[in-house]
Every structure is written in structure tokens, then in C-alpha cells.
Amino acid sequence: MSSNLIEKKPDGREGRDGDRGHHHDQRIASLLEQMSLEEKIGQMMLGQPDEGPAPEVLGDLLRNGGIGSVINVIDRDTVNELQRIAVEESRLGIPLLVGRDVIHGFQTVMPIPLGQAASFNPDIVRDAARAAAEEASATGVNWTYAPMVDISRDPRWGRIAESLGEDPFLTAELAVAMVEGFQGKNLAAPDAIAACAKHFAGYGASESGRDYATTNIPENELRNVYLPPFKSCIDAGVASLMTSFSDIDGLPATANGFLLKQVLREEWDYEGFVVSDWASIPELTTHGLTADDRGAALAAAAAGVDMEMATDTYRHLADLVNSGKLSVEAIDAAVTRILRIKFQLGLFDQPYTDARDERAKDVRGRAFEIARKAATQSMVLLKNDDEVLPLDSERIASVAVIGPLADAPYEQLGTWIFDGDPDLSVSAVQGIRALVGDSIQIRHVPAMETSRSRDTSAFDSALAAARESDISILFLGEESILSGEAHSRADIDLPGAQAELVRRIRQAGKPVVAVILAGRPLTLSNIVDDVDAILYAWHPGSMGGPAIADLLFGIESPSGKLPVTFPRVVGQIPIYYNQKRGGKPPGPDSIVHIDDIPVRAPQTSLGMTAFHLDTHYTPLFAFGHGLSYTRFEYDNLRTSAATIPIGGSLTVSVDLKNTGRIAADEVVQLYLCDPVASLTRPVRELKGFKRVHLEPGQMQTVAFDLHSDMLKFWGRNNEWIVEPGLFQVWVGGSSETSLGTEFQLLSDRESDD
Ligand code: GLC
């Protein structure tokens, strides 16, 4: 084997208890022998009670073994009745998977995944998923359609809200934490729910950020950027995967044998099952890949889609098998994978959900604590001129709280919150009032009915409140409905008349703080100079209000970092930190002010580099950026060795000191670059991060272990390779850090010398 090929290491897919579910295989095999072809196909179909009570709508399908899973049933008694019918009234008594989109919380809503990603904290992400699993499993849900691991480089795309951002390493680390949180250490535990990594694959590359739009992704980009988070989830034992709606290079993911067979089964040896997305199988005909449902069913089943979600083209599978178009072995393989997860969930031994109201109350208290901590750690301080934040409650007597999202307990929950309870949600103004009591006068003026309103008639009263107060806090952004599935925007400025509101409040001549609640990066260039500070709160969930209050008044210091790049204007998209250098990279001479360009300026007079004439070539805020109320100094970056052999490792260390007056967390980030390789490589790539808490004056050495495997990339010959040579290392509090060093990866020959 070439020394450049990565040794296939045990990938830990055995899971924590060494169980890949094979000890159920005997029971599965004996069950398969008893099943008719129709009963097998029933296990490959997921039903949904679209109209009417589920037991009536689905009862006969369950009795006849016509479906093996259900979706969107969250009443425990109804779920137990459906399980009872399946277990006690069908011929073979196979229990049901009960699926639900438990994406970022259940009744207690956590920050949207993009916000959770900004915490750069796998522990809180894992805790949030665990709390969601405890709440959801109490209703009988035993399968969630999360984590969504689509790499998202386009903030026009509504589903960026549901993603973990633009970076494969951060997405993989946090997605694994979600899988561990949802599934726990034992899938058969009553509060475990099976996870589902989605959408396989490349969904986030939808053209122009329009949801469901086509994607064209070279295999090199697929392998290096879009697939790694799925592989990490599989190595962590994720129970299932979901296919994407989108077509990839002309072949829809739901019928893509390259993805579903070659990559998933042959290369990755994945044993979980694959579910289609909602109606993505009949949509193969809409795509123009197949002529009808029968053709779509054949294309999906033959490619490796084990279960059909919500539609019933798989009713054709029996005929396709009987006519020799599809093998019964393919059916058996699909059913085996589905049954294995049902056994691992313990459903054959305990299909019913007991009344755990008491447990639910305990869970609720812990869920709120986790939601508050997650929200606090997710918020990113983008700007803080003259340290206008934190607000000093000793010096401030009055605050104007203005804007459409100051008191929006539903909107702050964000997208994908079918089960979020707005009555459990605490808004910003509620959080602020609870924190400051009567010590500070709060003048609350919504000023706009919704975030999209263009009615400025209440702006005068808002300005009056600002004039009478020591400082104004503007709560701006997007309502929940403006992001999420099928909710992409072509213009990602603040909606409605919000920018006008900022300009009006600026006229009060007092400090202005903007707190922005949104499901995506917004283009803020038209307000960034009119506010003194910006706290980006994403859609922070049920406890967004107390978290915002704690951060504004310095009870906590902001510690979030951006998991996605903020463009200056929408025309810069796609813009992301781990881009390729190109042959004419922009630099200081690429800064042009289009209005200053002389008439008849000579063709080459403006610099011939990769930039736009009408905007600065850098983003407004970079990946990894996030300010604190204290100051952190990085010093003494070093590596434990100047060279390592292939297969070797070294330690990268840096001394971090809190030189400010406030205790705070810092997310230390480590980036690598392979400046010369057989394929062009990104200018830098995140390969490590650690959240560190330091008291004022405290110094800590932060160390990262670097193995040569972390230098691998998918090369020209369609295999993972590591190439000897120089590697650059940067460490700091943002992807823009300039604190760097380097080391040499030696070839085998050099190592032998
Ligand atoms: C939706 C989404 C998918 C979700 C599924 C079930 O269309 O694309 O992410 O899990 O249907 O609601």
C-alpha cells in the first residue's frame, strides 16, 4: 500500500458497547423467514395521519402490516394505541418506529442549530439533544430526523438555520455530539431516540440558495467538504440517514447509487437504514428521472433507499420483485437494516411508553437550564465600540427597548419548532425586566408590528423613548417564518423598515446597541456604522430572553464565535473562510471605491485580482469571529516537533491569558494549511477548537494533538492521501488570526534518513 494512503483504522463503529446490533441478527433472520413479501415491503413504508385520528387513518394499514413506521404522532396515548394495534392486532406484531423532527428541542426549545454551532461547545450541544430526547421520548417518539449536517455556505438558503454552518470539522464534531445526545449510550434506554443524519448529500449547495434547487458538486468537493460530517455521524453510530431532495450532478440523491451504495455501503460499510425525504421518491418523476411512481420506486429501491417517507410508491415493489426487476435480496437487506434498529431500540421487548409525567417535570427543569446555557454560549458579540457593553446597572437609570423582536416569545424559537411551547418561552424584554427589576426604567416601544413591516408611523414614539433614555437597545432581525425549509431570501438585509428605524434612533444622540435575532447571517452593512454594538442572538429558543439579559448586563460575557461567514452584501455569496487561494488572490491593492474610479480608467489600472469593484473583498465578519467583555492574549505558539513522519503526530501549544477584568470563556481555534499540494487546498481549514474559561489574570497553555491523518485530503486519484511537505498552523480567536507557525511532514524516505 502506498505510504500516502491512509491506513484503514478501526473506525469505532462498534459503538460504545461494542454492539453493532448483530446479536439481534438471529431474531431478525427468523422474523424475515416468516414475513410475506408484502409484510417486508410494509416495513419499508412510513405512514402519516394526514387527516383524522391516527388510529382510524392508519389502523388497517397497521393490522395488515402495510406500514412499519409512523411520523408526526406525538400524543403518548395515541402512540401507544398505534403500537398496540401493530403489536397485538397484526400477524407478526412488529412494533413501530415513531418519527418526529426534534431538531433543536421539543417543548423546551434550544437555540437553532446554527446558533448552537456558534457555541463551539460539543458538551452543551450534546446536553441539548439529550434534553430534547428526554422530552420527546416521553410522548412515544423514538426517532428524530436530526442532526442536519448539510454544509451551508449560502445564507440566502433558509435551511442554513438548521445547519451547523460552513465548516466540515465543526459540523462533524457537533453533529456527533447531537447523535450522542439523542441516542445516549444505550439505544434501548426509554429516553433514547434514534438519530438520523440528513440530508445525504450536498443539499446545502443548492444553486442561488433556493431550497430544493439543483446542485453540481465535483467529487473532490463532495469528498473533502460535504461527506465528512456524515461519515463522522456513522462512525458515532447514527441509526439512520435521510436522502436529500436535491439532484446532484443530474442524479437526485434519492436515486443515487453512487452515494447510497458505493460510498455508504461499499466504502463506509454502513449498517443503519436510509429513509427518503418527504415525497422525495415520487419527486424523482418531477425531477424528470423517472416517468411514473413505479419507475420512481424502482429507481429509489435499486439505489438503496430502505424506507419511503409519507408517500406510497413502494406499493409497486412487490410487482417489481415478482417481475424480476428488483431482487428479493434487496428487499431483505432493507428490512434487515430497519428491524435491526427496532431491536436496538428495544421496541420488541417494550413497545409502549409509560406515563412518565413525573420524569417529564424533572426533565423540564434541566431542559430550561440547558436552554439558557446554550443560548448564552451561542450569542456572538460582533461589535462593541468603546465597550458600550456590558451595561452598567449602577450608571444607567433608563433603557429604551425598541423593535419588533424585543417581546417575541414565539419568533425567538426559530424554525422547526413543531412542538415548541411559546408559553414556555421568555422574551428579551421579559428577561431584562426580570433581571433589573425597578432599578432601571425600561421604556419598551415595539415601533414595528412585525420584522417585515414598512409602516414607520410609530418611529417618532420610539425616537422619543430613545431621547429620554440613557441608551437604546434595538431588537431587530427576522421572524421565525423567514428562515427554514423552503424559506430562502434573495435579499438578506434586515427586512421591512428596520434599517430606517436604526437611522431614526441614531438621531437621539445616545448609544445604540443592536440585538439581532435571525435564522441566518444577515447583510448588516447598511446599519453596522449606525450602532455601537451588535449582539447576534440567532433564534435563541425558549430561554433567549434571560440569556440576552445576562449578556447585556454583564452577568455573563459573550463567548460565541461565528460558525458561518457574514457577507458585506449578498453579491459576495458564496463567501466562506476555507476557500481556495486562486492564482490572483485579492489583497490590500484590491480595495477600490467604485465611485472614485476615474472615467476611462485604463483596463489594468484597478488591479487584476479576485475582487468586486463595489465592495471590500473581505467579509463583514469572518468565520470564528466573536468578541468578549475581557481581553485574551495569545502567546508562545509552538509545536512539539518541527517534523513528523506519516503516521506520526505532534502537539501544538499556545499560552492564553485573560488580560482583562472579567472572567470569560474563549474558543481557541486551530487552523491548518497545506500551501503546496497535488490539488489546490483551502487557504486554511479548522482542525481543532477548545472552549477555555479563564479568570482575570489567569494564563493557561492550550494544547492540540495533531495526527498526520488530519492532513489527508481526497486527491486526484480518487483516494485519501497525505502528502509530505510544509504545513502552516494558525491558532487564535478567529479564522483571521495571524499567529502562526509551521512544521514539516516527512516522506517515508525522509523519515528513514
Ligand atoms: C421535510 C424535510 C426533512 C424532514 C422531513 C420530515 O421536508 O426536508 O428535513 O425531516 O420532511 O418532516
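Residues numbered from 1 in each chain as written. Predicted model: local features only at pLDDT ≥ 70, side-chain atom pairs only at ≥ 80, totals over all residues. Heavy atoms only, no water.

Draft legend 1. Molecular detail of the sheet that holds strand 26 (residues 740–746). In spatial order, the strands read 18-26-25-20-21; together these five strands make up an open sheet with mixed pairing. Of all the strands in the sheet, just strand 18 (643–645) and strand 21 (685–694) have a single pairing partner and so form its edges. The mean inter-strand angle of the sheet, taken between neighbouring strand axes irrespective of direction, is 25°. (Pairing = 2+ DSSP bridges. Helix = DSSP H or I, 4+ residues; strand = E, 2+ residues; numbered from the N terminus. Axes fitted to C-alpha atoms, helices over the stretch in contact; angles between N-to-C directions.)

Draft legend 2. Spatial organisation of the layout of surface pockets. Volume-wise, the second largest pocket comes out at about 740 Å³. For the lining of the second largest pocket, the residue count by class is 12 nonpolar, eight polar and five charged. (1 Å grid on protein atoms, 1.4 Å probe; cavity = no way out; pocket = protein on both sides within 12 Å on 5 of 7 lines; lining within 4 Å. Points joined across faces, edges and corners; volume = space filled by probe spheres on them. Nonpolar A, V, L, I, M, F, W, Y, C, P; charged D, E, K, R; others polar.)

Draft legend 3. Up close: the confidence of the model for the chain. Chain-level statistics for the chain give a pLDDT mean of 95 and a share of 96% at 70 or above. In the model, residues 1–18 has pLDDT below 50 throughout and makes 32 contacts with residues more than four positions away in sequence or in other chains. (pLDDT = per-residue confidence, 0-100. Contact = heavy atoms within 4.5 Å.)

Draft legend 4. Up close: the domain arrangement of the chain. Split into domains, the chain comes out as domain 1 (578–618) and domain 2 (632–752). Here the C-alpha centroids of domain 1 and domain 2 sit 31 Å apart. Facing four residues of domain 1, the contacting portion of domain 2 comprises seven residues. Taken together, the two surfaces of domain 1 and domain 2 that pack against each other cover about 510 Å², and 53% of this comes from carbon and sulfur. Counting the surface domain 1 buries against domain 2, the share from its top three residues, N578, K580 and R581, is 82%. (Domains from an automatic or database assignment. Buried area = accessible area lost by both parts, 1.4 Å probe.)

Draft legend 5. Representation of empty space enclosed by the protein. Counting across every chain of the model gives three cavities of 30 Å³ or more. In terms of lining residues, the largest cavity is bounded by L672, C673, D674, R681, E685, K687, M710, L711, K712, F713 and F727. Those elements giving two or more residues to the lining of the largest cavity turn out to be strand 20 (664–673) and strand 21. When its residues are assigned to classes, the lining of the largest cavity shows six nonpolar, no polar and five charged.

Draft legend 6. Structural view of helix 19 (residues 544–552). Where burial is concerned, most of helix 19 is hidden: nine out of the nine residues are buried. Among the residues trailing helix 19, G554 stands out with phi positive, at a value near 80°. (Buried < 20%, exposed > 50% of the residue type's maximum accessible area, 1.4 Å probe, protein only.)

Draft legend 7. Summary view of the side chain of D247. Looking at the element boundaries, D247 is found in strand 7 (residues 247–248). Of the side chains with opposite charge, R210 lies nearest to the buried D247, which makes no salt bridge, at 9.6 Å. Beyond its immediate stretch of four places on either side in the chain, D247 contacts T214, T215, P252, A253 and H287. (Lys, Arg positive; Asp, Glu negative; His and termini not counted. Salt bridge = Lys/Arg side-chain N within 4 Å of Asp/Glu carboxyl O.)

Draft legend 8. Quick look at the state of the cysteines. For the structure shown, the criterion picks out zero disulfides. Sulfur of C233: no disulfide; nearest cysteine sulfur belongs to C196 and is 9.8 Å away. (Disulfide = S-S within 2.5 Å.)

Draft legend 9. Spotlight on the sheet that holds strand 9 (residues 273–275). What the three strands build is an open sheet, ordered 5-6-9; its pairing is parallel. Because the sheet does not close on itself, it has two edges, and the strands there are strand 5 (196–200) and strand 9. Each neighbouring strand pair of the sheet contributes to a mean axis angle of 30°, computed without reference to strand direction. Both strand 6 (residues 240–243) and strand 9 contribute to a ladder of three bridges, which runs parallel. Its bridge partner being in strand 9, S240 is matched across the sheet by F273. The strands that helix 9 (residues 228–235) touches are strand 5 and strand 6; relative to strand 5, the one it contacts most, it runs at about 155°.

Draft legend 10. Here's a closer look at the pairing of strand 12 (residues 398–402). Across the five residues that make up strand 12, a large majority, five, are buried. Side-chain alternation along strand 12 places S398, A400 and I402 on one buried face and V399 and V401 on a second face that is also buried. Pairing of strand 12 with strand 13 (residues 441–445) involves five bridges; the strand directions are parallel. For A400, the partnering residue across the bridge sits in strand 13 and is R443. Crossover connection from strand 12 via helix 16 (residues 428–436) to parallel strand 13: handedness right-handed. Here strand 12 pairs with strand 14 (residues 471–477) via four bridges, running parallel. Bridging across to strand 14, V401 finds its partner in I473. (Right-handed = clockwise from strand over helix to strand, strands pointing away.)

Draft legend 11. Representation of the packing of helix 7 (residues 168–183) against helix 9 within the structure. As a packed pair, helix 7 and helix 9 sit with axes 8 Å apart at the nearest point and diverge in direction by 30°. With respect to helix 9, the axis of helix 7 lies roughly parallel. When you trace helix 7 past helix 9, the crossing you get is right-handed. On helix 9, the residues that touch P168, T171, A172, A175, V176 and V179 of helix 7 are P229, S232 and C233. When the residues that make up the contact of helix 7 with helix 9 are grouped by side-chain class, the tally is seven nonpolar, two polar and no charged. (Parallel < 35°, antiparallel > 145°, perpendicular 65-115°, else oblique. Left-handed = near helix turned anticlockwise from the far one by under 90°.)

Draft legend 12. Spotlight on the site of the ligand. Taken together, 13 residues surround the ligand, and among them D101, R159, K198, H199 and D277 come closest. One of the side-chain N or O atoms of R159 is found 2.8 Å from an oxygen atom in the ligand. Between the ligand and the protein, one listed contact pairs an oxygen atom with a side-chain N or O atom of K198 at 2.8 Å. Protein coverage of the free-state accessible area of the ligand, which is 310 Å², stands at 94%. Classifying every residue of the shell around the ligand gives seven nonpolar, one polar and five charged. (Near = heavy atom within 4 Å. Polar contact = N/O pair within 3.5 Å; in protein donor to acceptor, adjacent residues only side chain to side chain. Areas by Shrake-Rupley, 256 points an atom, 1.4 Å probe, with all protein chains shown as cover.)

Draft legend 13. Spatial organisation of the pattern of salt bridges. Considering all chains together, one arrives at 45 salt bridges under this definition. Close ionic contact of K40 with D332 constitutes a salt bridge, the shortest N to O distance being 2.9 Å. Note that K40 is positioned in helix 2 (residues 37–43) and D332 in helix 14 (residues 328–344), a separation of 292 residues in sequence. Taking relative accessible area as the criterion, K40 reaches 9% and is therefore assigned buried. By relative accessible area, D332 is classed as partly exposed at 21%. Each of D60, R63, E81, R84, E88 and E89 takes part in salt bridges that share partners, so that together they form one network.

Draft legend 14. Focus on the packing of helix 8 (residues 219–226) against helix 10 (residues 257–267). Viewed as axis vectors pointing N to C, helix 8 and helix 10 meet at an angle of 55°, and their least axial separation amounts to 14 Å. Of the possible angle classes, the one that applies to helix 8 and helix 10 is oblique. In this structure, the crossing between helix 8 and helix 10 has a hand that is right-handed. Contact with helix 8, carried on its side by E219, L222 and R223, involves F258, L259, Q262, V263 and E267 of helix 10 and no other residues of that element. Residue composition of the contact of helix 8 with helix 10, by class: four nonpolar, one polar and three charged.

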